[in-house]
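Here is what each chain is made of, one letter per residue.
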Amino acid sequence: DARIAQAGALGPLARLAVSGQVVVSEQATALLRNLTAYSAELKMRAYDAGCLQPAVKLLRSRERVVLQNAAAIVRNLSFHPEVKVRLVEDGAVPQLVALLSS
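Not measured: the values here are computed from a predicted model.

1. Points about the overall build of the chain
Item 1. Counting its regular elements, the chain contains eight helices and zero strands.
Item 2. Helices and strands appear in the chain in the N-to-C order α-α-α-α-α-α-α-α.
Item 3. Burial analysis of the chain (102 residues in total) assigns 39% to the buried set.
Item 4. Expressed as a percentage of contacts within the chain between residues at least 6 apart in sequence, the contacts between residues at least 24 apart total 65%.
Item 5. Considering the chain, the positive charge centre built from 12 side chains and the negative charge centre built from 8 side chains are found 5 Å apart.

Okay, here's the thing in structure tokens:
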């Protein structure tokens, strides 16, 4: 919902996602996954708020739910050419390939 983004919650949610607490990471990544699923505006707001790097970092998670949510966030944010370049720069491609092999 755009109200969550307008309230400035996307950056803090991204930080919660990498908090190291599994339940918190699961909930934060689930919310970010859902928020970035449909609206191009919310996808760009999430990218601008710094949600991509934590999602890429979480592609290494051993927690299945967190990993699935992180992969979905990366997918959702990758719609924009600028984000695709950033994914390569941030090292997401090898991690995504590794997921395909696991």
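2. Brief notes about a nonpolar patch on the surface
Item 1. Among the surface-exposed residues, Val88, Val93 and Val97 lie close enough to one another that they form a single nonpolar patch of about 250 Å² accessible area.
Item 2. Note on placement: Val93 falls in helix α8 (residues 92-101).
Item 3. A relative accessible area of 42% places Val93 in the partly exposed class.

What counts as what
Residues numbered from 1 in each chain as written. Predicted model: local features only at pLDDT ≥ 70, side-chain atom pairs only at ≥ 80, totals over all residues. Heavy atoms only, no water. Helix = DSSP H or I, 4+ residues; strand = E, 2+ residues; numbered from the N terminus. Buried < 20%, exposed > 50% of the residue type's maximum accessible area, 1.4 Å probe, protein only. Contact = heavy atoms within 4.5 Å. Lys, Arg positive; Asp, Glu negative; His and termini not counted. Charge placed at Lys NZ, Arg CZ, Asp CG, Glu CD. Patch = residues over 30% accessible without salt bridge, like charges linked within 9 Å, V, L, I, M, F, W, Y side chains within 5 Å. Areas by Shrake-Rupley, 256 points an atom, 1.4 Å probe, with all protein chains shown as cover. Salt bridge = Lys/Arg side-chain N within 4 Å of Asp/Glu carboxyl O.

Nothing here speaks to function; it is all geometry.
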